[in-house]
Amino acid sequence: MDGGGSIYHDAPEVDTTLKAYYETLQLSFNEGKMPELIDTQNVALRYTIKDFEFI
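(A) Highlighting the overall build of the chain. Each helix and strand counted, the chain has 2 helices and 0 strands in total. For the chain, the exposed area adds up to about 4,700 Å²; of that, 57% sits on carbon and sulfur atoms.

Structure representation (structure tokens):
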């Protein structure tokens, strides 16, 4: 946690290995299933929402 109260995680909390998680993300993007991943701000928002369970 930084001085502003933001929490930073080294890695996303997932139910699989990180290698498998990132490989799945890459394959989904390559197949056109997740075009939002081309924008880094969307990636950060998606991670934040998933990580903090705002969905």
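(B) Representation of helix H1 (residues 18–30) within the structure. Under the 1.5 Å per step criterion, the end-to-end length of H1 is 18 Å for 13 residues, consistent within 8% with the ideal 18 Å. Buried within H1 we find Tyr21, Leu25 and Ser28. The buried side chains of H1 occupy one side of the element, clustering within an arc of 65° when seen end-on. Summarising the geometry of H1, the exposed residues directed more than 90 degrees from the buried face are Lys19 and Asn30. Gly32 sits one or two residues past H1 and shows a positive phi near 80°.

(C) Main features of the environment of Asn30. Relative to the assigned elements, Asn30 resides in helix H1. Judged by its relative accessible area of 53%, Asn30 falls in the exposed class. Side-chain polar atoms of Asn30 contact the side chain of Gln26, separated by 2.8 Å.

(D) Molecular detail of the packing of aromatic side chains. Considering all chains together, one arrives at 1 aromatic pair under this definition. A centroid spacing of 5.1 Å and a plane angle of 70° characterise the contact between Tyr21 and Tyr22, whose relative ring orientation is edge-to-face. Residue classification places Tyr21 among the buried positions, given a relative accessible area of 14%.

What counts and what doesn't
- Residues numbered from 1 in each chain as written.
- Predicted model: local features only at pLDDT ≥ 70, side-chain atom pairs only at ≥ 80, totals over all residues.
- Heavy atoms only, no water.
- Helix = DSSP H or I, 4+ residues; strand = E, 2+ residues; numbered from the N terminus.
- Areas by Shrake-Rupley, 256 points an atom, 1.4 Å probe, with all protein chains shown as cover.
- Expected span 1.5 Å × (residues − 1).
- Buried < 20%, exposed > 50% of the residue type's maximum accessible area, 1.4 Å probe, protein only.
- Arc of directions from axis to C-beta.
- Polar contact = N/O pair within 3.5 Å; in protein donor to acceptor, adjacent residues only side chain to side chain.
- Phe/Tyr/Trp six-rings, centres within 6.5 Å; stacked < 30°, edge-to-face > 60°.

That's the geometry; what it means functionally is another story.
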